[in-house]
Amino acid sequence: MKTIIEPFRIKAVEPIRMTTRPERLDRLREAGYNVFRLRSEDVLIDLLTDSGTSAMSAEQWAGIMRGDEAYAGSRSFYRLESRVRELFGFKHVIPTHQGRAAERILFSTVCRPGHVVPNNTHFDTTRANIEARGAQAVDLPTPRSQRRQEPLPFKGDMDVAALERLIGEVGPDRIPICMITVTNNSGGGQPVSMANIRAIAEVCRRHEIPFYIDACRFAENAYLIKLNEEGYGDRSVESIAREMFSYADGCTFSAKKDGLANIGGFLATNDDRLAEQEKDLLILTEGFPTYGGLAGRDLEAIAIGLEEVVHEDYLEYRLASVRYLGEHIAQEGVPIIQPPGGHAVYVDAGALLPHVPPLELPGQSLVAELFVEGGIRGVEIGSVMFGRRDPETGEETAAPMELVRLTIPRRVYTQSHIDYVIEVILEVFRRRESIGGFRITHQSPVLRHFTARFEPLYDFGGTG
Ligand SMILES: Cc1ncc(COP(=O)(O)O)c(C=O)c1O
């Protein structure tokens, strides 16, 4: 059969509240034009993130009832630990309330001022946690990632030659850790090849630099290796994932993505001494090492999610639904990062609105227009999120790309929801020449995109 169906039936439904265009315009104005400041009840289709938004399975909900809430030695922790050891292969599993807590504990333990941490592309919380330690976060994406509209495989790879150069320039002693993010969320959700993971691991081993994987979307990455990398077509996703992790010394993981859970994460490592230091810090700020700030039921849901996420009928449907959105808008001329990513479609707002300069935030314009047009909430990944403001001069520097990410939550929306999204995007695309820019009127010094307020520099909403 040609049609790839959702490999599940729907057992519980959550109503969507219908809204009108004038209502959405009012809500967006009240929110300072920042979609992070909207109430979710005012959003029709929420593509802000795939993080913590998954629908859990009947088995996971049953696991919620089975969760062992013991403060110490919870059965649910051991179930999670055993699944992580089986799939990821790391010796120590340290649960945390979400991915950034794992990052904070890891970087607080290994980073100091003057250190440099390379990655293919750091996610915003990863970068912020490194910088909070006084260290420098360096992105080393493959040059192929710049060929945005060419559907090349594995554009999430790291530039291995650039990694060698960086190590030569700063010296291995200043690099406490090297990371790779799979899939590369801030670089268009593109996968990383096994060959690249192997090559980075080899460079790191030669220079005695610990190699970590930001594993949030490991299953989507493993499935894309199966589909597109020679030699992996006949392998199971589980065995591909195991091979990916076998090259690493540890990982950070947000269970809100490929854990198919609504909260949770962990830090894993093979290093006994480091694990001890990390657990000490965990006790100080997160909780005892067999719960790490989570309820026992959450640990249980993650353990089950880590079983379900490697099922290939699920991954086939998951990747197909993202591809469906990407292909339908691209064939009408909407510029997207090609190929569509594992968890999201990244619209190239800079190319869609070439008349809006990067410092007038074309991604912010597109996000605001999609919300007013059809109640769709996407997220800007451009100069709002990654641009910089000089605290002294107030001068702004633009990000390298102006993207809007339309992120598909796992097992939540059906094909007709996606058809509606396509219709709304095409409507905004048709009137793109009338769309202008925005400016920031209020911002905080770190992670400003979450709370910033904006003002349109054009007749936004057509009301003069
Ligand atoms: C690649 C990547 N790393 C780390 C994180 C942080 O995880 P959390 O939101 O659970 O703190 C995210 C979240 O979106 C992510 O996409």
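This structure is a prediction, so every number in the text was calculated from the model and none was measured.

Calculation notes
- Just so you know, the residues in each chain are numbered from 1, in the order the chain's sequence is written.
- Since the coordinates come from a predicted model, pLDDT governs what is reported: local features require at least 70, and pairs of side-chain atoms require 80 or more to be given and counted, while whole-chain, interface and lining totals use all residues.
- Excluding hydrogens and water, the side-chain values take into account all heavy atoms of the structure.
- In this scheme, strands are said to pair when DSSP sees at least two bridges between them.
- Per the convention used, a helix needs a DSSP run of H or I reaching at least four residues, while a strand needs a run of E reaching at least two, with both numbered from the N terminus.
- The angle between two axes is taken between their N-to-C directions and runs from 0 to 180 degrees, where each axis is a line fitted to C-alpha atoms and a helix contributes only its stretch in contact.
- Any Lys or Arg side-chain nitrogen found within 4 Å of a carboxyl oxygen on Asp or Glu counts as a salt bridge.
- Categorising residues by exposure relies on relative accessible area from a 1.4 Å probe, with only protein chains included: less than 20% of the type maximum marks a residue as buried, more than 50% marks it as exposed, and the intermediate range marks it as partly exposed.
- The nonpolar core is taken to be a set of buried Ala, Val, Leu, Ile, Met, Phe, Trp, Tyr and Cys residues, with the residues joined through side-chain atoms within 4.5 Å.
- The contact rule is simple, with two residues in contact once any of their heavy atoms fall within 4.5 Å.
- The handedness of a crossover follows from its direction of travel: if, with the strands pointing away from the viewer, the path from the first strand over the helix to the second runs clockwise, the crossover is right-handed.
- The criterion for a residue being near a molecule or strand is simple. One of its heavy atoms has to lie within 4 Å of it.
- The term polar contact refers here to a pair of N or O atoms within 3.5 Å; inside protein, the definition further demands a hydrogen-donor-capable atom paired with an acceptor-capable atom, and it admits residues adjacent in sequence only when both atoms are side-chain atoms.
- Note on areas: these come from Shrake-Rupley sampling with a 1.4 Å probe, and a residue is covered only by the protein chains present in the view.
- Grid points spaced at 1 Å and placed over the protein atoms alone form the basis of the search, with a cavity being a set where a 1.4 Å probe fits but cannot get out and a pocket an open set showing protein on both sides within 12 Å along at least five of seven lines. Lining residues have an atom within 4 Å of a point.
- A molecule is said to be in a cavity or pocket once over half of its atoms fall within 2 Å of that pocket's grid points.
- Grid points are joined across faces, edges and corners, and a volume is the space filled by probe spheres set on the points.
- Each residue is assigned to one of three groups, with Ala, Val, Leu, Ile, Met, Phe, Trp, Tyr, Cys and Pro labelled nonpolar, Asp, Glu, Lys and Arg labelled charged, and all others, Gly among them, labelled polar.
- Patches in this entry comprise residues that are over 30% relatively accessible and not in a salt bridge; like charges within 9 Å are linked, as are nonpolar side chains (Val, Leu, Ile, Met, Phe, Trp, Tyr) within 5 Å.
- Taken from the helix axis, the directions to the C-beta atoms give the arc we talk about.

Draft legend 1. Quick peek at the sheet that holds strand E14 (residues 403-407). Reading across from one edge, E9-E14-E11 is the order of the three strands in this open sheet, with antiparallel pairing throughout. Pairing within the sheet leaves two strands with one partner each, and these edge strands are strand E9 (344-348) and strand E11 (379-381). Pairwise comparison of adjacent strand axes, ignoring direction, gives a mean angle of 35° for this sheet. Across three bridges, E11 lies against E14 in antiparallel orientation. For Ile-381, the partnering residue across the bridge sits in E14 and is Leu-403.

Draft legend 2. Representation of the pattern of salt bridges. Within this structure, the stated rule accounts for 39 salt bridges. The closest approach of N and O atoms between Arg-410 and Glu-220, which form a salt bridge, is 3.0 Å. With Arg-410 in the loop between E14 and helix H16 (415-430) and Glu-220 in helix H8 (residues 218-228), this residue pair connects regions lying 190 residues apart in the sequence. Each member of the pair, Arg-410 as well as Glu-220, is classed as buried. Put simply, Arg-431 and Glu-369 hold a salt bridge, and the shortest N to O gap is 2.9 Å. Of this pair, Arg-431 sits in the loop between H16 and strand E15 (438-442) while Glu-369 sits in helix H14 (residues 362-374), and the two are 62 residues apart along the sequence. Three or more residues joined by partner-sharing salt bridges are found here, namely Asp-50, Arg-217, Glu-220, Asp-258, Arg-318 and Arg-410.

Draft legend 3. Focus on the nonpolar core. Ranked by internal contacts, the top residues of the largest apolar core, which has 64 residues, are Phe-88, Phe-211, Ile-213, Phe-218, Met-244, Phe-266 and Leu-306. Every residue in contact with Ile-213, bar those within four places of it in the chain, is listed here: Met-179, Ile-180, Val-182, Met-244, Phe-245, Ala-248, Gly-250, Cys-251 and Thr-252. If you look at the next biggest cluster of nonpolar residues, it comprises 60 residues, including Leu-366, Ile-376, Ile-408 and Ile-418.

Draft legend 4. Representation of the pairing of strand E5 (residues 178-181) in the model. Side chains Cys-178 and Ile-180 of E5 all project onto a buried face; the interleaved residues Met-179 and Thr-181 project onto the opposite face, where all are buried too. Handedness of the crossover joining E5 and strand E6 (residues 211-214) through helix H7 (residues 194-206): right-handed.

Draft legend 5. Representation of the site of the ligand. Taken together, 15 residues are adjacent to the ligand, and Arg-100, Asn-185, Asp-214, Ser-254 and Lys-257 come closest. Between an oxygen atom of the ligand and a side-chain N or O atom of Asn-185, the distance comes to 2.8 Å. The contact in question runs from a nitrogen atom of the ligand to an N or O atom on the side chain of Asp-214, over 2.7 Å. Considered on its own, the ligand offers 390 Å² of accessible surface; in the complex 97% of this is hidden by protein. Mapping the ligand onto the cavity grids shows that it belongs to the largest cavity.

Draft legend 6. View of the sheet that holds strand E2 (residues 92-96). Read across the sheet, five strands follow the order E2-E8-E7-E6-E5 without closing on themselves; strand pairing throughout is mixed. The two strands at the open ends of the sheet, each matched to only one other strand, are E2 and E5. Averaged over neighbouring strand pairs, the angle between their axes works out to 15° when direction is ignored. Sheet topology note: the strand E7 (residues 250-254)/strand E8 (residues 265-269) ladder contains five bridges and is antiparallel. Note that in E8 the partner of Gly-250 across the bridge is Thr-269.

Draft legend 7. Representation of the layout of surface pockets within the structure. Estimated volume of the largest pocket: approximately 1400 Å³. In terms of lining residues, the largest pocket is bounded by 38 residues, among which Ala-12, Glu-14, Ala-55, Arg-411 and Val-412 are the most central. Mapped onto the lining of the largest pocket, the elements with two or more residues apiece are helix H2 (58-66) and helix H12 (312-330). Of the residues contributing to the lining of the largest pocket, the split by class is 18 nonpolar, ten polar and ten charged.

Draft legend 8. Just a nonpolar patch on the surface, in detail. On the surface, Tyr-71, Ile-283 and Phe-288 cluster together into a nonpolar patch covering about 310 Å² of accessible area. Note on placement: Tyr-71 falls in the loop between H2 and helix H3 (75-87). Taking the relative accessible area as the measure of exposure, Tyr-71 reaches 55% and is therefore exposed.

Draft legend 9. Seen up close, helix H6 (residues 160-170). Within H6 the residues assigned to the buried category are Ala-162, Leu-163, Leu-166, Ile-167 and Val-170. Within H6, the buried residues cover an arc of 140° as seen down the axis, which keeps them to one side. Facing away from the buried side of H6 by more than 90 degrees, the exposed set consists of Arg-165 and Gly-168. Structurally, the start of H6 carries an N-cap: the backbone nitrogen of Ala-161 is 3.2 Å from a side-chain oxygen of Asp-159.

Draft legend 10. Up close: empty space enclosed by the protein. On inspection of all chains with the given rule, the structure shows three cavities of 30 Å³ or more. In this structure, the largest cavity encloses a volume near 150 Å³. What lines the largest cavity is a set of 16 residues, and nearest its centre among them are Glu-103, Phe-123, Thr-125, Cys-216 and Lys-257. At the level of elements, helix H4 (99-110), helix H5 (124-132) and E7 are the ones that each hand at least two residues to the lining of the largest cavity. Within the lining of the largest cavity, the residues separate by chemical class into three nonpolar, eight polar and five charged. Lining the second largest cavity, in full, are Asn-34, Val-35, Phe-36, Gln-364, Val-367, Val-379, Glu-380, Val-384, His-449 and Phe-454. Among the residues forming the lining of the second largest cavity, the class breakdown is six nonpolar, three polar and one charged.

By themselves, these are just geometric observations and shouldn't be taken as functional.
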